[in-house]
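# Structural overview
Next come the chains, spelled out residue by residue.
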Amino acid sequence: MIGLTQVSQGNYLPTEGMKGLLRRWFYLKFVQKKSTVELMAVACDLRNKSALSIVALLDVDEQMISQVVGKKRLIFVQNCHAYLKGSVNPGGLDSGFSND
């Protein structure tokens with residue numbers, strides 16, 4: 001998780017760089033409707049694969065996620081999901097989409 005989170009008051013929050021990756025993979029998966037398998041094949045490094053995995057977990061019940069990840073990782077995933085749910089507007093995402 002190094003480089004992906006910033007610790008703030010005991011919560012694991014995504015960095016600005018991670019937020020950009022989350023938005024990118026969200027756009028490709030849910031707006032362009034690409035499969036997770038297809039996207040995982042083009043994810044170029046562990047950081048991108050981690051972000052894509054978090055996005056793909058939006059389809060999974062939180063209770064199930066808690067059964068397969070540790071507490072700190074669960075908090076990070078929950079914070080990433082909250083960020084995506086609060087900031088991503090699929091209808092307008094492509095207008096502000098960056099390929100960075």
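Before reading further, recall that the structure is shown in the block above.
Only a predicted model underlies this, so the values are computations on that prediction, with no experimental measurement involved. (Residues numbered from 1 in each chain as written. Predicted model: local features only at pLDDT ≥ 70, side-chain atom pairs only at ≥ 80, totals over all residues. Heavy atoms only, no water.)

## Focus: helix α5 (residues 71-87)
The end-to-end C-alpha distance of α5 is 24 Å, a good match for the 24 Å that 17 residues give at a rise of 1.5 Å each. Within α5 the residues assigned to the buried category are L74, F76, V77, C80, H81, Y83 and L84. (Helix = DSSP H or I, 4+ residues; strand = E, 2+ residues; numbered from the N terminus. Expected span 1.5 Å × (residues − 1). Buried < 20%, exposed > 50% of the residue type's maximum accessible area, 1.4 Å probe, protein only.)

## Brief notes about the pattern of salt bridges
Counted by the stated rule, this structure contains two salt bridges. Here E16 ties to K19 by a salt bridge, and the two come within 3.2 Å at their closest N and O atoms. Remark: K19 and E16 occur in helix α1 (residues 16-31); sequence separation between them is three residues, near one turn of the helix. For K19, a relative accessible area of 19% translates into the label buried. K29 is the partner of D59 in a salt bridge, and the nearest nitrogen-oxygen pair spans 3.9 Å. Remark: K29 occurs in helix α1 and D59 occurs in the loop between α3 (46-56) and α4 (62-68); sequence separation between them is 30 residues. Of the residues examined, K29 reaches a relative accessible area of 12% and is grouped as buried. (Salt bridge = Lys/Arg side-chain N within 4 Å of Asp/Glu carboxyl O.)

## Considering the packing of aromatic side chains
Counting across every chain of the model gives one aromatic pair. One residue, R24, lies across the ring of W25, its end atom 4.6 Å from the ring centre. (Phe/Tyr/Trp six-rings, centres within 6.5 Å; stacked < 30°, edge-to-face > 60°. Lys NZ or Arg CZ within 6 Å of the ring centre and 35° of its normal.)

## Focus on the side chain of N48
Looking at where N48 falls in the secondary structure, it is placed in helix α3. Within the structure, N48 has its side chain in polar contact with the side chain of D45 (distance 2.8 Å). (Polar contact = N/O pair within 3.5 Å; in protein donor to acceptor, adjacent residues only side chain to side chain.)

## Section: α1
With 16 residues, α1 should reach 22 Å at 1.5 Å per residue; the first-to-last C-alpha distance of 21 Å fits that figure. Among the residues of α1, those classed as buried are M18, K19, L21, L22, W25, F26, Y27, L28 and K29. Directly after α1, the chain includes K33, whose backbone phi takes a positive value near 55°.

## Overview of the packing of α3 against α5
At a closest axis distance of 10 Å, the pairing of α3 and α5 adopts a crossing angle of 75°. Taken together, α3 and α5 sit at an angle that is classed as roughly perpendicular. Residues S50, I54 and V55 of α3 form the contact with α5, whose own contacting residues are R73, F76, V77, C80, H81 and L84. (Axes fitted to C-alpha atoms, helices over the stretch in contact; angles between N-to-C directions. Parallel < 35°, antiparallel > 145°, perpendicular 65-115°, else oblique. Contact = heavy atoms within 4.5 Å.)

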